[in-house]
Amino acid sequence: MKPVSGVAELNIIHYPHPTLRHVSKPLRTVDRTIRQYIEKMFELMYAAKGIGLAANQVDLPFQLFVVNPEGVQSSGKELVFINPVLKSPRGQASAEEGCLSLPGLYGEVARPEKVQVTGFDLHGNEINMIAEGLLARVIQHEFDHLQGTLFIDRLDENEKKQLAEQIDEFDIEIRNLQAANKIPSDKEIAERLAALERQYC
Ligand code: NI
């Protein structure tokens, strides 16, 4: 079957694009097209100087994210998480986070310090690892994306207030883009995600 959207069209979408609130579905199969999407996700992530990227950040509805804690292709380890599940959270740590879908915005987020993650890698091998420190933080941030949750949802009230104006600017930007027909309507976006889910989930 012909893919619903080509790899060439993948781009990082910005808040409040509706796909960022979409609850991702498990992948049933990983074919050549999905592998190309993953390759492109790493490319986009490096170009944007990120260390993690979730599928719905490139307008795809799948339970899939990529991570490289070093953020550089030539160093660090490229990790692919398919249908991930998090369990056994331990401890608590607070640190500043940013997000490629909210460029220029940073805030302090408290999360468990350690977490167990299971799922599958690109080759269908089972993953079962305990992550801590920065890796645990990235994995939880990306896992949140798959549930339609953004790091700004996890800011404390005080910080939320401080960033409110910057967050509003993103709202205005996307509505202007939609009004100018530069991005599809909410309905068209939902239909495209549903078609991809029928094909792969
Ligand atoms: Ni993010």
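To start, this report covers the structure provided alongside it.

Cut-offs used in this document
- Residues numbered from 1 in each chain as written.
- Predicted model: local features only at pLDDT ≥ 70, side-chain atom pairs only at ≥ 80, totals over all residues.
- Heavy atoms only, no water.
- Donors = N, O, S within 2.8 Å, 3.2 Å for Na, K, Ca; no water.
- Buried < 20%, exposed > 50% of the residue type's maximum accessible area, 1.4 Å probe, protein only.
- Helix = DSSP H or I, 4+ residues; strand = E, 2+ residues; numbered from the N terminus.
- Expected span 1.5 Å × (residues − 1).
- Bend = angle between axes of the 7 residues up to and from the residue.
- Contact = heavy atoms within 4.5 Å.

So, the coordination of the nickel ion
- For the nickel ion, the protein coordination sphere consists of Cys99 (SG), His141 (NE2) and His145 (NE2), at 2.1 to 2.2 Å.
- On the basis of relative accessibility, which here comes to 7%, the residue His141 falls in the buried class.
- When its relative accessible area of 0% is taken as the criterion, His145 is described as buried.

Here's the deal with helix α3 (residues 157-179)
- The terminal C-alpha atoms of α3 lie 31 Å apart, and with 23 residues this matches the ideal 33 Å at 1.5 Å per residue to within 8%.
- Of all the bends in α3, the greatest measures close to 50° and is centred on Ala164.
- Residues of α3 that are buried include every one of Glu159, Leu163, Ile167, Phe170, Ile174 and Gln178, and no others.
- Where α3 is buried, its residues meet β5 (107-111) and α4 (186-200).
- Asn181 sits one or two residues past α3 and shows a positive phi near 60°.

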